[in-house]
Amino acid sequence: MLPPTQPLPSTTFSTSQLPGEDRFEAWRTSISVLFDVAPLAQGAPVEDFQAQVEAVHLGQLLLGDLHFGAQRFARSHARAAHDGLDHYLVQWYRQGGFIGQHGDGVGLRVRGGDVVVFDMARTQHTVAQDSHVLSLIVPRALGDVAFAGAASPHGTVLRGDSVFGGLLADHLGALHRRLPAIGMEQADDVVRATTQMLAACLRPSQRTLAEARADVQAVTLERIQRHIARNLGAPLTPEALCRAFGLSRHRLYQLFEPLGGVSRYVQQRRLQRAFQTLSNPVYRHLRVADVAARLGFASEAHFSRAFRAAFGHTPSDVRAMAEAARASGRNPPALPSAASVEYADWLLGL
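First, a word on scope: everything that follows refers to the structure included in this document. (Residues numbered from 1 in each chain as written. Predicted model: local features only at pLDDT ≥ 70, side-chain atom pairs only at ≥ 80, totals over all residues. Heavy atoms only, no water.)

Digging into the pattern of salt bridges
Charged atoms that come close allow side chains of opposite charge to pair. Our working rule: Criterion for a salt bridge: a side-chain nitrogen of Lys or Arg within 4 Å of a carboxyl oxygen of Asp or Glu. Helix and strand assignments follow DSSP, with helices taken as H or I runs no shorter than four residues and strands as E runs no shorter than two, numbered in order from the N terminus. Think of it in three bands: with a 1.4 Å probe and only protein chains considered, a residue is buried below 20% of the maximum accessible area for its type, exposed above 50%, and partly exposed in between.
Scanning the model with the defined rule gives eleven salt bridges in all. We note a salt bridge from D114 to R159, for which the minimum N-O separation is 2.6 Å. Taken as a pair, D114 in the loop between strand 8 (106-111) and strand 9 (115-119) and R159 in the loop between strand 12 (156-158) and helix 4 (163-178) lie far apart in primary sequence, 45 residues in all. For R159, a relative accessible area of 31% gives the class partly exposed. A salt bridge links R249 to E239; its shortest N-O distance comes to 2.2 Å. In this pair, R249 sits in helix 9 (residues 249-256) while E239 sits in helix 8 (residues 238-245), placing the two residues ten residues apart along the sequence.

Spelled out as structure tokens, the structure:
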């Protein structure tokens, strides 16, 4: 990715270079704009505490990638009433989690993978584990538009294994990964897409889903593609994918139509992985039949025919060419660009 001409403003805070006895106090000062924090128990040792924040300013949103040790977070009635913080906080707990209360003593529990929303004008008290969190701070004006017509989002938890929790987490993760390529000139469009995704996931309705349809489709497709890449040796029939993602067959076919169909896409990814495996000396002990079986092909003969049709060489030819190239000090053969499905993945991810 080329760097943008005008990068987004960013800042980093870390306790890693501070003496142990100063780390928690430095963190307390840093996070005080949002929360009052305290060790898990009064007088508990904090010499091993660590925290780090990498924050990026998107113009109308703030995105922070946080790592922090176990502690207590609080916003009391007095704090919420007087500090003037009038924002929503959307947090995806990538790891860790917390237990606590919000509002008038309503309990909540957040586990790794879940997304939680807080209204910073209201109270909360939580006890957090060591955690890795992606936090999005949304001004009330934007948040109220996104949440219009829904009950107060304060304390809302979208479970990581739910459809909308997974979609929102994937959107936040994709946004974080792409930050280095986003410039100030794209920031407003990114904010618009993100608030539409918040609306679609936190108050699902026909109208908001229609507004965010392109984002939902792209994130859903990306989730399925990652699942396929991690499970190339498992049954990846349309029926299996529909069950795994709660989709109808028609919906699945719609998502993969630009890629030539779901079955074709799965076979291309398996063939691509087979090419890489056969070219890698780490796997020279595997027979061609072993490679075919590991990648879900019904037979070696079927695998060999499909492989030759895709790359113009048999599996044995590719392995022999790779061995010869290494023996002569040259690079092993690379995947033909026309056969690679990465290009399609990139286009869909833009």
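So, next bit.
Observations concerning the side chain of T15
Applicable threshold: Any pair of nitrogen or oxygen atoms within 3.5 Å is treated as a polar contact; in protein, a donor-acceptor pairing is required on top of that, and neighbouring residues in sequence qualify only through side-chain atoms on both sides.
On the secondary structure map, T15 appears in the loop between strand 1 (10-14) and helix 1 (20-31). Using a relative accessible area of 0% as the deciding quantity, one classes T15 as buried. Side-chain polar atoms of T15 contact the backbone nitrogen of A51, separated by 3.0 Å.

Some remarks on the side chain of H171
The criterion, for reference: Two residues form a contact once any of their heavy atoms are found within 4.5 Å.
By the element assignment, H171 lies in helix 4. Look past the residues within four positions of H171 in its chain and what remains in contact with it is A193, T194, M197 and V219.

Notes on a negative patch on the surface
Under the convention used in this document: Residues with no salt bridge and a relative accessible area higher than 30% make up the patches, which join like charges within 9 Å and nonpolar side chains (Val, Leu, Ile, Met, Phe, Trp, Tyr) within 5 Å. For the area figures, the Shrake-Rupley method with a 1.4 Å probe applies, and any residue is considered shielded solely by the protein chains shown. By the counting rule applied here, Lys and Arg register as positive and Asp and Glu as negative, while His and the ends of each chain are not counted. Taken as the charge location is NZ of Lys, CZ of Arg, CG of Asp or CD of Glu.
A cluster of acidic residues, E21, D22, E47 and D48, forms a negative patch at the surface. E21 sits in the exposed class, given a relative accessible area of 54%.

Here's the deal with the packing of helix 3 (residues 140-147) against helix 5 (residues 184-202)
Helix packing geometry: the angle between the two helix axes and the distance between the axes. The criterion, for reference: Here the axes come from fitting lines to C-alpha atoms, over the contacting stretch only for helices, and the angles between their N-to-C directions go from 0 to 180 degrees. Angle categories: roughly parallel below 35 degrees, roughly antiparallel above 145, roughly perpendicular from 65 to 115, and oblique for all the rest. Note on convention: the crossing is left-handed when the near helix lies turned anticlockwise from the far helix by less than a right angle, right-handed when the turn is clockwise. Under the grouping applied here, Gly and all other residues not named as nonpolar or charged are polar, the nonpolar ones being Ala, Val, Leu, Ile, Met, Phe, Trp, Tyr, Cys and Pro and the charged ones Asp, Glu, Lys and Arg.
Two elements in contact, helix 3 and helix 5, have axes whose closest approach is 8 Å; the angle formed by their N-to-C orientations is 45 degrees. In terms of orientation, helix 3 lies oblique with respect to helix 5. In this structure, helix 3 meets helix 5 at a crossing whose hand is right-handed. Residue-level inspection shows L142, A146 and F147 of helix 3 in contact with helix 5, the latter providing V191, T195, A199 and L202. The residue makeup of the contact of helix 3 with helix 5, split by class, is six nonpolar, one polar and no charged.

With respect to the environment of S76
In this fold, S76 is placed in the loop between strand 5 (71-75) and helix 2 (77-82). What makes S76 partly exposed here is its relative accessible area of 28%. Placed 47 residues apart in sequence, S76 and T123 show a C-alpha to C-alpha distance of 5.3 Å. Those residues in contact with S76 that sit more than four places away from it in its chain are T123 and H125. Separated by 3.1 Å, the side chain of S76 and the backbone nitrogen of R79 make a polar contact.

With respect to the sheet that holds strand 3 (residues 51-57)
Which entries qualify depends on this criterion: By this definition, two strands are paired if DSSP reports at least two bridges between them.
An order of 1-3-4-11-6-9-12 is seen for the seven strands of this open sheet, with the pairing classed as antiparallel. Edge strands, defined here as strands with exactly one partner in the open sheet, are strand 1 and strand 12. Ignoring which end each strand starts from, the neighbouring axes of this sheet average 15 degrees apart. One ladder, built from five bridges, connects strand 6 (residues 87-95) with strand 9; its direction is antiparallel. Bridge pairing links L89 to F118 in strand 9. Sheet strands touched by helix 1: strand 1, strand 3 and strand 4 (62-68). Its angle to strand 1, the strand with the most contacts, is close to 150 degrees. Its contacts with the sheet place helix 4 against strand 4, strand 6, strand 9, strand 11 (131-139) and strand 12, and it is angled at close to 90 degrees to strand 6.

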